[in-house]
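Fold and geometry: a report
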Amino acid sequence: MKATIAVLPGDGIGPEVVAKSVELLSAIAENYGHEFTFVEGLIGGIAIDETGDPLPAETVAICEAADAILLGAVGGPKWSDPTATVQPERGLLGLRQHFGLFANLRPVKTYPALLEHAPLRAELLQDVDILFVRELVSGIYFGERQEQGDGDSSYDTMAYSRSEVEQVANVAFRAAQGRRKKLCSVDKANVLATMRLWRRTVVDVHDEYEDVELEHLLVDAATMHLLTRPSSFDVIVAGNMFGDILSDEASVLAGSLGMLPSASLRADKFGLYEPVHGSAPDIAGQGKANPIGMFLSAAMLLRYSLQLEGEASAIEAAIDATLDAGLRTADIVSSGQASVSTDEFAVTVIQNL
Ligand code: IPM
Ligand code: MG
């Protein structure tokens, strides 16, 4: 098949892991007889430096002409002055909003090869396989806000409409139907009005998915249950900010934030694929980055935007084989001593395809 992929490396370790993913996808294209065209664009801090805008119109145009977007990471200390009028993160948030990518899928699973590295007891981590579905284009991230300006107060507002909750709940219920048929909805219905709407709506949507077992957890309790009984969860659905926080917490289960991929989707096949980890400026340019989160994001791109399930599974199997062979970047080894660089790890995955 022919496909055009918009490639947005961004900042920090983004360019390193994105470059390796383009090599990975090119190898897939060669092995399976596909033709992928990669078109690169600016986003985040580097886009601010070069154009003054974290999401230049040219980047939006490149993405609009593509079948899917592959993104590295945005942000870094160079642009984190709180008084700055524009942040690199605005580029990413703008992209999610522009394309209406309301459903953010973040799978988290444990790898037998990494269990001994995990900070939690290995027995707790057996068979952990969770899919987070995070609402991505509404909630407190996109509510009315007042920047501090020169005053002494500011605010952000959290608003949800019934239809916004319905569409993300539908994605979550459908995902659960294809998995172990359990959905946990996370809210703060004991305090927040928006979260009471959230819970009522999820209960109503549940009527259409009676084969799925539904559980509700308040977000504070959810943070604890996630660590005390992680293997009991199947799909977890949450609003924008709670989903952001819980998915970072859940990375501890996988051993490292560097392991986690994500897909941001809307109702059609178009999507944005990025690792959950950020730009990690402290290790940028040193060949230390773990490429797994980015590689698994590329696999999700093949699966969800291009319907290439076999090719996606091939990438996942090649990563498993590389871990089973003992190759480790520093973030997934207890001693903190990497056995290989980003490049070496990536080359081995590509050989294992
Ligand atoms: C994430 C990140 C982003 C978010 C930032 C970089 C804007 O933390 O994708 O989880 O908060 O959504
Ligand atoms: Mg986050």
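Bear in mind that the values here come from a model prediction, so they are computed numbers and not experimental data. (Residues numbered from 1 in each chain as written. Chains lettered and ligands numbered in written order. Predicted model: local features only at pLDDT ≥ 70, side-chain atom pairs only at ≥ 80, totals over all residues. Heavy atoms only, no water.)

1. Brief notes about the overall build of the protein
Rules: Working definition: helices are DSSP H or I runs of at least four residues, strands are E runs of at least two. Numbering for both runs from the N terminus. The globule rule is 2.2 Å times the number of residues to the power 0.38, and the radius of gyration it is compared with is taken over C-alpha atoms. Here a residue-residue contact requires only that any non-hydrogen atoms of the pair lie within 4.5 Å. We get accessible surface area from the Shrake-Rupley algorithm with a probe of 1.4 Å; when it comes to residues, only the shown protein chains can shield them. His is not counted here, nor are the chain ends, while Lys and Arg score as positive and Asp and Glu score as negative. In plain terms, the charge of a residue is placed at NZ if it is Lys, CZ if Arg, CG if Asp and CD if Glu.
Scanning the protein for helices and strands turns up 12 helices and 12 strands. A compact globule built from 353 residues would reach a C-alpha radius of gyration of about 20 Å, and the protein, at 20 Å, matches this within 12%. Principal-axis analysis of the C-alpha atoms places the extent of the protein at approximately 50 × 50 × 45 Å. By sequence separation, contacts in the protein at least 24 residues apart represent 75% of the contacts at least 6 residues apart. Surface summary for the protein: the accessible area is close to 14,800 Å², and the carbon and sulfur share equals 51%. For the protein, the centre of its 26 positive side-chain charges and the centre of its 50 negative side-chain charges are spaced 6 Å apart.

2. A few points about the domain arrangement of the protein
Test applied: For every domain, the bounds stem from an assignment made automatically or drawn from a database. Buried area is understood as the total, over both parts, of accessible area removed when two parts are fitted together, assessed with a 1.4 Å probe.
Split into domains, the protein comes out as domain 1 (1-109 + 257-353) and domain 2 (118-145 + 156-254). Placing a centre on the C-alpha atoms of domain 1 and another on those of domain 2 gives a separation of 24 Å. Of the residues lining the interface, 19 residues belong to domain 1; the matching set on domain 2 comes to 23 residues. Among the residues domain 1 hides against domain 2, the three largest losses belong to Phe102, Arg106 and Val108. Together they make up 36% of the total.

3. Quick look at the site of ligand 1
How we decide: Think of it this way: one heavy atom of a residue within 4 Å of a molecule or strand is enough to make that residue near it. Pairs of N or O atoms are called polar contacts if they sit within 3.5 Å, as long as, within protein, a hydrogen donor faces a hydrogen acceptor (for residues adjacent in sequence, only side-chain-to-side-chain pairs).
The immediate surroundings of ligand 1 are formed by Glu89, Arg96, Arg106, Arg134, Tyr141 and Asp244. Arg106 has a polar side-chain atom sitting 2.8 Å from an oxygen atom of ligand 1. The side chain of Arg134 places a nitrogen or oxygen atom 2.8 Å from an oxygen atom of ligand 1. Contact with the protein chains hides 78% of the accessible area of ligand 1, taken as 320 Å² for the molecule alone. Summarising the domain contributions, the shell around ligand 1 has at least three residues from each of domain 1 (1-109 + 257-353) and domain 2 (118-145 + 156-254).

4. Some words on the side chain of His34
Turning to its location among the elements, His34 is positioned in the loop between helix H1 (14-32) and strand S2 (35-40). For His34, the side chain forms a polar contact with the main-chain nitrogen of Met1, separated by 2.8 Å. A polar contact of 2.7 Å, which involves the side chain of His34, links it to the side chain of Glu311. With near-sequence residues (within four places) excluded, His34 lies in contact with Met1, Ile28, Ala29, Leu308 and Glu311.

5. Things to note about the pairing of S2
Here is the rule we go by: Pairing between two strands is assigned when DSSP locates at least 2 bridges connecting them. Viewed with both strands pointing away, a crossover whose connecting path from the first strand over the helix to the second turns clockwise is right-handed.
For strand S1 (residues 2-10) and S2, the ladder comprises six bridges, and the chain directions are parallel. Residue pairing across strands places Val7 opposite Glu40, the latter belonging to S2. In this view, the connection linking S1 to its parallel neighbour S2 by way of H1 has right-handed handedness.

6. So, the pattern of salt bridges
Inclusion rule: Salt bridge, as used here, is a side-chain nitrogen of Lys or Arg placed within 4 Å of a carboxyl oxygen of Asp or Glu.
Here the structure, examined in full by the defined rule, presents 19 salt bridges. Between Arg229 and Glu215 there is a salt bridge whose closest N-O contact spans 2.7 Å. Residue Arg229 is found in the loop between helix H8 (219-228) and strand S10 (235-238), and its partner Glu215 is found in strand S9 (residues 213-218); the two are separated by 14 residues along the sequence. Beyond isolated ion pairs, a larger network of salt bridges with shared partners links Asp129, Arg179, Arg180 and Asp234.

7. Quick notes on helix H12 (residues 342-352)
Short version of the rule: The classification of residues rests on relative accessible area computed with a 1.4 Å probe and restricted to protein chains. Under 20% of the type maximum is buried, over 50% is exposed, and intermediate values are partly exposed. In this context, the arc is that of the directions from the helix axis out to the C-beta atoms.
Among all positions in H12, only Thr342, Phe345, Ala346, Thr348 and Val349 are buried. Each buried residue of H12 lies within a common arc of 160° when the element is viewed along its axis, so the set occupies one face.

8. Topic: the pairing of strand S4 (residues 103-109)
Within a regular beta strand, the side chains point alternately toward one face of the sheet and then the other, so they alternate between its two faces. Buried residues dominate S4, accounting for five of its seven residues. Sheet topology note: the S4/strand S5 (residues 129-135) ladder contains seven bridges and is antiparallel. Note that in S5 the partner of Leu105 across the bridge is Val133. Relative to strand S11 (residues 261-265), S4 runs antiparallel, the two sharing three bridges. Across the sheet, the residue bridging to Leu105 is Ala263, located in S11.

9. Thoughts on helix H10 (residues 292-304)
Using the following cut-off: By definition here, a helix of n residues has an expected span of 1.5 Å times n minus one.
Compared with an ideal rise of 1.5 Å per residue, which puts 13 residues at 18 Å, H10 spans 18 Å between its outermost C-alpha atoms and is within 8% of the ideal. Along H10, 12 of the 13 residues are buried, which leaves the element largely enclosed by surrounding structure. Within the span of H10, buried status applies to Ile292, Gly293, Met294, Phe295, Leu296, Ser297, Ala298, Ala299, Met300, Leu301, Leu302 and Arg303.

10. Observations concerning the nonpolar core
The criterion, for reference: In this description, a nonpolar core means a group of buried Ala, Val, Leu, Ile, Met, Phe, Trp, Tyr and Cys residues linked to one another through side-chain atoms lying within 4.5 Å.
Counting residues in each nonpolar core, the largest one holds 93 residues, and the members touching the most others are Phe36, Val133, Phe173, Met259, Leu302 and Leu323. Ranked by residues supplied to this core, first place goes to H10 with nine residues. Two domains each provide a minimum of three residues to this core, namely domain 1 (1-109 + 257-353) and domain 2 (118-145 + 156-254). The residues contacting Leu323, other than those within four sequence positions of it, are Tyr111, Ala113, Leu114, Met259, Ile292, Arg328, Ile332 and Phe345. Counting 17 residues, the second-largest nonpolar core is a separate cluster that includes Leu8, Leu55, Leu101 and Phe270.

11. What about the sheet that holds S1?
Note the threshold: Orientation is described by axes fitted as lines to C-alpha atoms, over the contacting stretch for helices, and by angles from 0 to 180 degrees between their N-to-C directions.
Read across the sheet, 10 strands follow the order S2-S1-S3-S12-S11-S4-S5-S10-S8-S9 without closing on themselves; strand pairing throughout is mixed. The sheet terminates laterally at S2 and S9, the two strands that pair on one side only. Across the sheet, the mean angle separating the axes of adjacent strands is 25° when strand polarity is ignored. Inspection of the sheet shows strand S8 (residues 182-187) paired to S9 by six bridges, in the parallel sense. Looking at the pairing, Cys184 lines up with Glu215 of S9. Here H8 sits on the sheet and contacts S5, S8, S9 and S10; the angle it forms with S9, its principal contact strand, is near 110°.

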